[in-house]
Amino acid sequence: MTIQVVGEQHPPQRGVIRRDFRKLQAQNLAMPIGFRPPIPNAADWQAQKFAIRLCRGAACYAALTAHFGTRNQTRLEWTIDGRRPYGADNDDVDQSSSNKYLRWGQGKTLPSNSSVDLVYEHSGGAVRLNFWRDLPLWELLQPQPPSLQRLHAILEASPPGVRRILFIDVEPGEGGRYSHTRLRRSELLALRNLRSLDAFTALLCLARKGELLEDDQYQYLPSACAYDMLPRLLYSHPPLRCQWEMLFSCLERIFWRRVYVSGDYFEFPIETVRSSIETLDKDSSAPLPQKSGKRIRVIDDDPITTLEKKFERAKLWEREHVKGPRSHKRGRGHE
């Protein structure tokens, strides 16, 4: 089976291989937008869930050790819990620790609410483990996308700077509801250019919304923007960098290994992210390569514009030959 590959430096080529794509799509029964082979199986999704927990625990552990300046488990437990080594009150003293904090970094467990409160108290409020433990990011990496209602709730909880781009009005309208309209390309790039964790989360929400709506274009561009943001996100949020390659694997499986209705799929290499992180370590203001394009007026041969037109042609062909004709609205309509 041959599927057209579009690399980072190459614009989409003409000639959609629809027949091969439909065969591939038939194997992707769980998701409307197909995956690149090898198709994830039950074991892969189980591994994904463990990897998510490992990344969550590692982020909490990294935030903890960075604040207290040590990874010595005995010292951490004495400082935070006030616990002396096992057997300290007896003649036979066991100097070992319980490794309760190390288990977070190993993905064996996550901080309990009591541990969250204890660390918050002993760090003077500087370490908020619940922030890292409960990031919406982990929910967006799960095999099945959250419901549309849940995605909207995450978006509505964004800070004002992100909401100004997401919604026509920064505050909800009558009835306490926001107007969830389709974002234009320039607005998606504006989210990318914020370079914040909240903007990154919003882009992942929009990509999963595109997945739910079976909208290839709306899944692809937010995903590409998130890929461009990842190096700067890891640089500015050290706890997420602790297991960043595992995090990349989780993101890649959900967002960047897709096959679209046009028959195209795209390469999002980890090497580019690694190289970009090394560049930022040397110069935090250095420009980085951008797969999702520049925030300028596009021209006819712009790769992203070409891709959008290709998606539209493929969707039109699918409606006429597979699903039958179906009316659709133009413009920035409600979803």
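Before reading further, recall that the structure is shown in the block above.
Residues numbered from 1 in each chain as written. Predicted model: local features only at pLDDT ≥ 70, side-chain atom pairs only at ≥ 80, totals over all residues. Heavy atoms only, no water.

Peer 1: Explain the packing of helix 12 (residues 216–236) against helix 14 (residues 244–256) to me, using residue names and the numbers behind them.
Peer 2: At a minimum axis separation of 11 Å, helix 12 and helix 14 run at an interaxial angle of 170 degrees. On the basis of the axis angle, helix 12 is roughly antiparallel to helix 14. Contact with helix 12, carried on its side by Gln219, Ser223, Ala226, Tyr227, Leu230 and Leu234, involves Trp244, Leu247, Phe248, Leu251, Ile254, Phe255 and Trp256 of helix 14 and no other residues of that element. (Axes fitted to C-alpha atoms, helices over the stretch in contact; angles between N-to-C directions. Helix = DSSP H or I, 4+ residues; strand = E, 2+ residues; numbered from the N terminus. Parallel < 35°, antiparallel > 145°, perpendicular 65-115°, else oblique. Contact = heavy atoms within 4.5 Å.)

Peer 1: Pulling in residues and values, what's your account of helix 10 (residues 185–194)?
Peer 2: With 7 of 10 residues buried, helix 10 is to be regarded as a mostly interior element. Within the sequence span of helix 10, burial applies to Arg185, Glu187, Leu188, Leu189, Ala190, Leu191 and Arg192. Phi turns positive, to about 60 degrees, at Arg195, one or two residues after helix 10. (Buried < 20%, exposed > 50% of the residue type's maximum accessible area, 1.4 Å probe, protein only.)

Peer 1: Describe in detail the packing of aromatic side chains, supporting the description with residues and values.
Peer 2: The final tally for this structure, using the stated rule, is 12 aromatic pairs. Taken together, a centroid distance of 5.0 Å and an interplanar angle of 85 degrees make the contact between Tyr101 and Trp104 edge-to-face. Per residue, the accessibility class of Tyr101 equals that of Trp104, and both read buried. Between the aromatic rings of Tyr220 and Phe266, the centroid separation amounts to 4.7 Å while the plane-to-plane angle is 35 degrees, which identifies the pairing as tilted. (Phe/Tyr/Trp six-rings, centres within 6.5 Å; stacked < 30°, edge-to-face > 60°.)

Peer 1: Outline the environment of Trp132, supporting the account with residue identities and numerical values.
Peer 2: Of note, Trp132 is situated in helix 6 (residues 129–133). Look at Trp132 and you get buried, because its relative accessible area is 12%. It is 9.6 Å that separates the C-alpha atoms of Trp132 and Tyr61, two residues lying 71 residues apart in sequence. Those residues in contact with Trp132 that lie beyond four places of it in its chain are Ala59, Cys60, Ala63, Trp138, His237, Pro239 and Leu240.

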